[in-house]
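# Examining the three-dimensional arrangement
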Amino acid sequence: MIAADPMTRAPRTDLIDLAMLSDESIEYLLEDAAWLARLQAAEEPLPTLRSGATVATLFFEPSTRTRNAFLQAAHLLSAQTLSVEAESASIRKGESLEDTIATLEALGTDVLVLRHPQAGAAWRAARACVQARVINAGDGTNAHPTQALIDLFALRQRFGEIHGLKVLVLGDLLHSRVARSDLWALHRQGAICLASGPATLLGPLPPWVQQVADPDSVLPEVDAVLLLRLQRERMEEELIPSLREYRARFGMTSERAALLREEAVILHPAPVNRGVEIDDAVMRDPRTLVFRQMQIGVFVRMAALRWVLQGGVTC
Ligand code: CP
């Protein structure tokens, strides 16, 4: 017997940045994603979004996982979908973000899922929307809230709780919205946060993140390693000597993976640069949860859609 729908207890809002949400709000979202996953596993009927609800994805940057997980989530919740990719839209003819949003609202959009290269674009979209709710699918180097929820879900599923876990975030923190959202969320949930990467790619770290020069020195004691993609598209100059040197010092090679405990897990938001951030053999390691994270992504996006339409504890 699956428990009653937890989202019935909450009012509605946008989902822009986990840092704006209360612990209670994050709990609702995780609880709802877990409930939906259990329904799916039990082959029970999934709930539907508000009758006739339309979800629009508006992506100004490439995406495989986030965009398709939202579309799949909308489909599973029996919603209508619209999908706009900037490359093939009137944005290329000079249409503003606000006019594109007004167009999507005129077409009946209830939830706008936005990915944009500018930090703060999701806030701008939320201000532009008259009635649609906004979900941030990644804004520049700022935030990727649903990815952080996925990672919290994956860690909870493996360890039961996050409090007290030691998590190493490894790689290009400077350009990573995933790192920003994850570190904040992990800290709020009581994890011990460590960070390592090339000095040129660390950026300013919050005071509660312990900087580690050599990742090998902490690998035997961490519960999880969150690998980050080298975001070369955001680098205006070469910030690492070579990919080979990056792999040698910071890549999750088989040798480095062998330093991890048997119970430890390896996360990566993907897409991965195989042979740079992670070796092929480590991708096949049962401790590597990359494809599990993608499966979880659909349930987290379903919860996010339900949250903004039906729920959302006040920020
Ligand atoms: N993790 C993630 O955001 O992947 P995409 O860029 O493919 O959406």
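So, here's what we can say about the structure. Treat the numbers as computed from the prediction; the structure is a model and nothing was measured. Counting of residues starts from 1 at the beginning of each chain's written sequence and follows it residue by residue. With pLDDT at 70 or above as the cut-off, local features in this predicted model cover only qualifying residues; side-chain atom pairs require 80 or more to be listed or tallied, and sums for whole chains, interfaces and linings still use all residues. For the side-chain quantities, the full set of heavy atoms in the structure was used; hydrogens and water were omitted.

### As for the layout of surface pockets
Empty space among the atoms can be located by rolling a probe the size of a water molecule over them. Only protein atoms enter the calculation, which uses a 1 Å grid: trapped sets of points that fit a 1.4 Å probe without letting it out are cavities, open sets showing protein on both sides within 12 Å along at least five of seven lines are pockets, and any residue with an atom within 4 Å of a point is a lining residue. Grid points are joined across faces, edges and corners, and a volume is the space filled by probe spheres set on the points. Roughly 390 Å³ of volume is contained in the largest pocket. Along its surface, the largest pocket is lined by 21 residues, and Arg 115, Arg 177, Arg 229, Ala 270 and Pro 271 are the ones closest to its centre. Under the scheme applied, nonpolar residues are Ala, Val, Leu, Ile, Met, Phe, Trp, Tyr, Cys and Pro; charged residues are Asp, Glu, Lys and Arg; polar residues are all the others, including Gly. Here the residues of the lining of the largest pocket are counted per class, giving 6 nonpolar, 8 polar and 7 charged. Put simply, the second largest pocket is a space of about 240 Å³.

### Observations regarding the sheet that holds strand S6 (residues 192-196)
Two strands pair under a simple rule: DSSP has to find at least two bridges between them. We count a stretch as a helix when DSSP gives it H or I for four or more residues in a row; a strand needs E for two or more, and each element gets its number in order from the N terminus. The 5 strands lie next to each other as S7-S6-S5-S8-S9, forming an open sheet whose pairing is parallel. Each having just a single partner strand, strand S7 (209-211) and strand S9 (265-267) make up the two edges of the open sheet. Averaged over all pairs of adjacent strands, the angle between strand axes in this sheet comes to 25°, irrespective of strand direction. The pairing of S6 with S7 spans 3 bridges and is classified as parallel. When the sheet's bridge partners are listed, Ala 195 is paired in S7 with Gln 211. Throughout, a residue-residue contact means that at least one pair of heavy atoms, one from each residue, lies within 4.5 Å. What counts as an axis is a line fitted to C-alpha atoms, over the stretch in contact for a helix, and the angles between N-to-C directions run from 0 to 180 degrees. On top of the sheet, helix H5 (residues 145-159) reaches strand S5 (166-170), strand S8 (224-227) and S9; it is set at about 170° to S9, its chief contact.

### Remarks on the nonpolar core
In these notes, a set of buried Ala, Val, Leu, Ile, Met, Phe, Trp, Tyr and Cys residues joined through side-chain atoms within 4.5 Å is what counts as a nonpolar core. Residue exposure (1.4 Å probe, protein chains only): buried if accessible area is under 20% of the type maximum, exposed if over 50%, otherwise partly exposed. Residues Leu 15, Leu 18, Val 113, Ile 135, Leu 155 and Leu 305 are the most contacted members of the largest nonpolar core, which totals 67 residues. The element contributing the most residues to this core is helix H10 (residues 290-310), with 11 residues. The contact partners of Val 113, leaving out residues within four places of it in the chain, are Val 55, Ala 56, Thr 57, Leu 58, Phe 59, Phe 70, Ile 135, Ala 137 and Leu 305. Membership of the second largest hydrophobic core comes to 26 residues, among which are Leu 168, Tyr 246, Ile 278 and Val 282.

### A word on the pattern of salt bridges
In the sections that follow, a salt bridge refers to a side-chain nitrogen of Lys or Arg positioned within 4 Å of a carboxyl oxygen of Asp or Glu. Within this structure, the stated rule accounts for 16 salt bridges. Taking the shortest distance from any N to any O, the salt bridge between Arg 287 and Asp 285 comes out at 2.9 Å. A relative accessible area of 8% means that Arg 287 is categorised as buried. Overall, Asp 285 belongs to the buried group, its relative accessible area being 14%.

### Re the site of the ligand
For each residue, the test is whether any non-hydrogen atom lies within 4 Å of the molecule or strand; if one does, the residue is near. Close to the ligand lie Ser 63, Thr 64, Arg 65, Thr 66, Arg 115, His 144, Gln 147, Pro 269 and Ala 270. One nitrogen or oxygen atom from the side chain of Gln 147 is found 3.2 Å from a nitrogen atom belonging to the ligand. In the complex, 91% of the free accessible area of the ligand, which totals 250 Å², lies under the protein chains. Pocket or cavity membership: a molecule qualifies when more than half of its atoms sit within 2 Å of the grid points of that site. Given that more than half its atoms are within 2 Å of the pocket grid, the ligand belongs to the largest pocket. By residue class, the composition of the shell around the ligand is 2 nonpolar, 5 polar and 2 charged. By the criterion applied in these results, polar contacts are pairs of N or O atoms within 3.5 Å in which, for protein atoms, one can donate a hydrogen and the other can accept it, and in which residues neighboring in sequence qualify only through two side-chain atoms. Accessible surface area values rest on a Shrake-Rupley calculation with a 1.4 Å probe, where residue burial reflects the displayed protein chains alone.

### Some remarks on helix H1 (residues 23-41)
Multiplying 1.5 Å by the residue count of a helix minus one yields the expected span of that helix. Over its 19 residues, H1 runs 27 Å from end to end, which matches the ideal 27 Å to within 8%, given 1.5 Å per residue. Inspection of H1 places Ser 25, Ile 26, Tyr 28, Leu 29, Leu 30, Asp 32, Ala 33, Trp 35, Leu 36, Ala 37 and Leu 39 among the buried residues, and these make up the whole buried set. Where H1 is buried, its residues touch H5, helix H6 (177-188) and H10.

### Re the packing of H5 against H6
The contact between H5 and H6 brings their axes to 8 Å, and the two run at 50°. When the axes of H5 and H6 are compared, the pair comes out oblique. For H5 against H6, the interelement crossing comes out right-handed. Taking contact as the criterion, the partners of Pro 145, Gln 147, Ala 148, Asp 151, Leu 152 and Leu 155 in H5 are, on H6, Val 178, Ser 181, Asp 182, Ala 185 and Leu 186. Here the residues of the contact of H5 with H6 sort into 7 nonpolar, 2 polar and 2 charged. When describing relative orientation, an angle under 35 degrees is termed roughly parallel and one over 145 degrees roughly antiparallel, while 65 to 115 degrees is termed roughly perpendicular and anything else oblique. A clockwise turn of the near helix away from the far one marks a right-handed crossing, whereas an anticlockwise turn of less than a right angle marks a left-handed crossing.

### A word on the side chain of Glu 61
Of note, Glu 61 is situated in the loop between strand S1 (54-59) and helix H2 (65-76). Exposure remark for Glu 61: the relative accessible area of 14% places this residue in the buried category. Within the structure, Glu 61 has its side chain in polar contact with the side chain of Arg 177 (distance 3.0 Å). Ignoring sequence-local partners within four residues, the contact set of Glu 61 consists of Arg 115, His 116, Pro 117, Arg 177 and Arg 234.

### Quick look at the sheet that holds strand S4 (residues 133-139)
Strands sit in the order S2-S1-S3-S4 across an open sheet of 4 strands; the sheet is parallel. Either end of the sheet is taken by a strand with one partner, and the two such strands are strand S2 (80-85) and S4. On average, adjacent strands in this sheet sit at an angle of 15° to one another, irrespective of strand direction. Bridge count between strand S3 (residues 111-116) and S4: 5 bridges; the pairing is parallel. The partner of His 116 across the bridge, within S4, is Asp 139.

This is a description of form; function is not addressed.
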